[in-house]
Amino acid sequence: MTTDSSLLNSELELQQQEELYQQLLLQTMGKMQTENPDSKVIRPQPGMCVKTVSESDKQKVFVNICQSNSVPPPPELSREELVELLQSEDPSGYRVPMSLGEPHTEVDNSSQGCTAYDVVINQEFFQRCQKDPLFQQFVILVSLEGLENKYSLQLSRDWKVLKNRKFLGSVSEQNIRTKSRPVIQELQPQESSAATARRPEFTLFVEPPAGDPEYLIAEIKLPGVPSSRSLVLDVGEDRLVLTARPSLFQLDIFHPFLIDQENTVSQYNKSTEILTVTMPVVSS
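Residues numbered from 1 in each chain as written. Predicted model: local features only at pLDDT ≥ 70, side-chain atom pairs only at ≥ 80, totals over all residues. Heavy atoms only, no water.

This part is about the state of the cysteines. In protein chemistry, a disulfide is the covalent bond that joins the sulfur atoms of two cysteines. The tally for this structure, following the rule as stated, stands at 0 disulfides. For Cys-66, which is in no disulfide, the shortest distance to another cysteine sulfur is to Cys-49 and amounts to 9.2 Å. Assessed through its relative accessible area of 0%, Cys-66 is described here as buried. (Disulfide = S-S within 2.5 Å. Buried < 20%, exposed > 50% of the residue type's maximum accessible area, 1.4 Å probe, protein only.)

Two measures describe an aromatic ring pair: the distance that separates the ring centres and the angle between the ring planes. Scanning the model with the defined rule gives 2 aromatic pairs in all. Relative to Tyr-151, the ring of Tyr-117 has its centre 5.5 Å away and its plane inclined at 40 degrees; by these criteria the two rings are tilted. A residue pair is termed long-range when its members are at least 10 positions apart, and Tyr-117 in strand S6 (residues 113-122) and Tyr-151 in helix H4 (residues 133-151) qualify at 34 residues. Accessibility expressed as a relative area gives 7% for Tyr-117, which makes it buried. Taking 6.3 Å as the distance between ring centres and 80 degrees as the angle between the ring planes, the aromatic pair formed by Phe-125 and Phe-135 counts as edge-to-face. Placement of the pair is Phe-125 in helix H3 (residues 123-131) and Phe-135 in helix H4, with a sequence separation of 10 residues. Here Phe-125 matches Phe-135 in class, with each residue buried. (Phe/Tyr/Trp six-rings, centres within 6.5 Å; stacked < 30°, edge-to-face > 60°. Helix = DSSP H or I, 4+ residues; strand = E, 2+ residues; numbered from the N terminus.)

Three- or four-residue spacings in an α-helix give side chains the same orientation, since the helix completes a turn every 3.6 residues. Turning to H3, its buried residues number three or more, namely Gln-123, Phe-125, Phe-126 and Cys-129. Projected down its long axis, H3 carries its buried residues within an arc of 160 degrees, all on one side. More than 90 degrees from the buried face of H3, the exposed residues found are Glu-124 and Lys-131. Looking at the packing, one finds that the buried side of H3 touches strand S2 (45-53), strand S3 (60-68), S6 and H4. If you check the start of H3, you find a side-chain oxygen 3.0 Å away from the backbone N of Glu-124, and it comes from Asn-122. (Arc of directions from axis to C-beta. Contact = heavy atoms within 4.5 Å. Polar contact = N/O pair within 3.5 Å; in protein donor to acceptor, adjacent residues only side chain to side chain.)

To continue, consider the pattern of salt bridges. In total, this model carries 6 salt bridges according to the counting rule given. A salt bridge links Glu-201 to Lys-221; its shortest N-O distance comes to 3.8 Å. Linking Glu-201 in the loop between strand S9 (181-184) and strand S10 (202-207) with Lys-221 in strand S11 (residues 215-221), this pair joins segments that are 20 residues apart in sequence. Classification of Lys-221 as partly exposed rests on a relative accessible area of 45%. In this structure, the salt-bridge partner of Asp-252 is Arg-239, at a minimum N-O distance of 2.6 Å. Of this pair, Asp-252 sits in strand S14 (residues 249-254) while Arg-239 sits in strand S13 (residues 239-244), and the two are 13 residues apart along the sequence. The partly exposed category is assigned to Asp-252, whose relative accessible area is 32%. (Salt bridge = Lys/Arg side-chain N within 4 Å of Asp/Glu carboxyl O.)

Structure, rendered in structure tokens:
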């Protein structure tokens, strides 16, 4: 039996090209992380693969729900609180931090083309979802909603968790934010104790009230706060964190929109003792 040497050479060239590509990819990822210290590159671990279809054309869509400790966990939530949340009028008030990857084309078991998305959540929270079917359904639901909001999709809620597959395609790196941009900077650092801080009263509403929201507005009541110099405010893409020093208030909430952080503005009214944060909405 003879072997065609041209085939061997072609395979060798492909292997060399693949190795070169991987080297360039790692170099590029490292450069991105150096240039942007507020983010980092992670390689998540496979978790579970969810099969659904797009409502518009009924094409297969696979959602790879992955896990990583680099993604922060959501606020503590008991099973009873989750049931109450799902029965409430606005379950979107509770947000699960997640990283949403770009769509990639794959081939399913029937050798048919399909689209897959990678969603990364906190590893400990993922493990909890694996142990409780209610939490699993909840995290699938918020993953679908997150993809719909980011990519203007409509995905069927008639999904199926694949039993013998944790991931469709190959696991790839994701670049995640590690720090939100500050809007109000603390001018005079003071000693404080978070243990004595209280959660302030606040209201979230959108403008305009009807139609597509253009702004998400937060009004936060801060009785006893003398001026904005006492405030430290961080606004992320879907998170707002406020500290009023010394040891007065602490607020950490996730909101149901993606926000334009660069153009977010805030104003503290000393007369009413209300902080107003106006956040342009990128997508809802």
